[in-house]
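The primary structure of each chain is shown beneath.
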Amino acid sequence: SPFASPQETLMGKYGEDAKLIYELQDQGGELLALRYDLTVPFARYLAMNKITNMKRYHVAKVYRRDNPATTRGRYREFYQCDFDIAGQFDPMIPDAECLKIVHEILSDLQLGDFLIKVNDRRLLNGVFAVCGIPESKFITTCSTVDKLDKIPWEEVRSEMVGEKGLSPEAADCIGEYVQLHGGLDLIERLLQDPKLSQNKLAKEGLEDMKLLFEYLTLFGITGKVSFDLSLARGLDYYTGVIFEAVLQQQENDHVEEPVSVGSVAGGGRYDGLVGMFDPRGRKVPCVGVSIGIERIFSILEQRVKATGEKVRTTETQVLVATPQKHLIAARLKLISELWDAGIKAEMLYKKDPKLLKQLQYCEDTGIPLAAVVGEQELTDGVVKLRDVATREEVRM
């Protein structure tokens, strides 16, 4: 999908976040916008090509007119990696797989302790309904609740009452629910809640949440998953399960201030989005997750800086080196043989580099081996292979 889309493609899909979309106008006067995420272009692609069943991943850049904070991995242009499952399937099976993927990635990257928060949009809307919020205010209330991970409940409450025009009683009623978090026991408790059990949306959301947690138990990942009613995900297009992965703050001896990057992955179910682009309004249920690559890099970079460990910036296995002058032909012939054999080899782009300089380059870049061919080696028909770290040499 192109990185610039017609503005109407992106508008009306992101709620209050729409103010962060980069709007452009091309020379022909066409109104365009830079893509804000990879989800909306994916939904448009499914609708345009009449695809009703697809499982895919996509790594690409997206653009947000945000206030950058590079130390926290917040940029205006950054990469996302999305996994999506589109198609009509039985409830919560693809949703559970998406959460399993997030768990697997964050475990494998060893970023430290993390938590995947899970909620359901229908449950949130049910809470708003039983607390007496008019439906027209659901979406703006949702984006206020979404700030609970950044600011305390008192500030969220005053925004609801002061800016969003909710009654203090309604705000307090919401507060009773959105500060709850737990697991299956909390889901069971809420299913018995006299107010929520009367609400169709809330009941559907809770029943699906119960099923999801049963599947996550079978996947063996519930230890890292929390059912959290404060999770709202401010985007308009979510229709069911929503989730977000956050790294737990670590007390670190090495770093003066621990790096706080907020969420490193997020996603959810968006069953209505494809239908918005289909001329006949045909719906394709979808669920997906997005991994914030730059945010993860920020954490890894901070860690490397703190521990002083060296990061290899190259995969080169061997440097082809020569100790005397006028041996570029020998280097080129040998490196060509290595390349043809599928070995990752490099040489310095100088005709007559000094041997010390070549070995120093290996040390600086972490290349483990140097294949040295001098006049003596050429006469004997051998190559001297040197282990850069131990300085041991073998002739072969």
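Residues numbered from 1 in each chain as written. Predicted model: local features only at pLDDT ≥ 70, side-chain atom pairs only at ≥ 80, totals over all residues. Heavy atoms only, no water.

The name given to the chain in an unreviewed UniProt entry is histidine--tRNA ligase, with the source organism recorded as Sagittarius serpentarius. Regarding the chain, the relevant UniProt record gives this comment under Catalytic activity (unreviewed entry): "tRNA(His) + L-histidine + ATP = L-histidyl-tRNA(His) + AMP + diphosphate + H(+)". Among the UniProt annotations of the chain, the heading Sequence similarities (unreviewed entry) holds the following wording: "Belongs to the class-II aminoacyl-tRNA synthetase family." (UniProt positions renumbered as here; feature names shortened; annotations may be inferred.)

Draft legend 1. Highlighting the side chain of Thr 314. For Thr 314, the location among the structural elements is in the loop between α11 (293–307) and β12 (318–321). Polar side-chain contacts of Thr 314 include one of 2.6 Å to the side chain of Thr 316. When sequence neighbours within four positions are dropped, the list of residues in contact with Thr 314 reads Glu 346, Thr 365 and Ile 367. (Helix = DSSP H or I, 4+ residues; strand = E, 2+ residues; numbered from the N terminus. Polar contact = N/O pair within 3.5 Å; in protein donor to acceptor, adjacent residues only side chain to side chain. Contact = heavy atoms within 4.5 Å.)

Draft legend 2. Structural view of the domain arrangement of the chain. Domain boundaries in the chain define domain 1 (4–307) and domain 2 (318–395). Between domain 1 and domain 2, the C-alpha centre-to-centre distance is 52 Å. (Domains from an automatic or database assignment.)

Draft legend 3. Broad picture of the state of the cysteines. Tallied over the full model, the rule gives one disulfide. Here Cys 131 pairs with Cys 173 through a disulfide, and the sulfurs are 2.1 Å apart. Between Cys 131 and Cys 173 the disulfide shows an S-S torsion of about -70°. By sign, it is left-handed. Here Cys 131 is found in the loop between α4 (121–130) and α5 (138–145), whereas its partner Cys 173 is found in helix α7 (residues 168–178), with 42 residues between them in sequence. Classification of Cys 131 as buried rests on a relative accessible area of 9%. The exposure class of Cys 173 is buried, given its relative accessible area of 11%. Cys 286 takes part in no disulfide bond, and the closest cysteine sulfur to it belongs to Cys 98, at a distance of 10 Å. (Disulfide = S-S within 2.5 Å. Buried < 20%, exposed > 50% of the residue type's maximum accessible area, 1.4 Å probe, protein only.)

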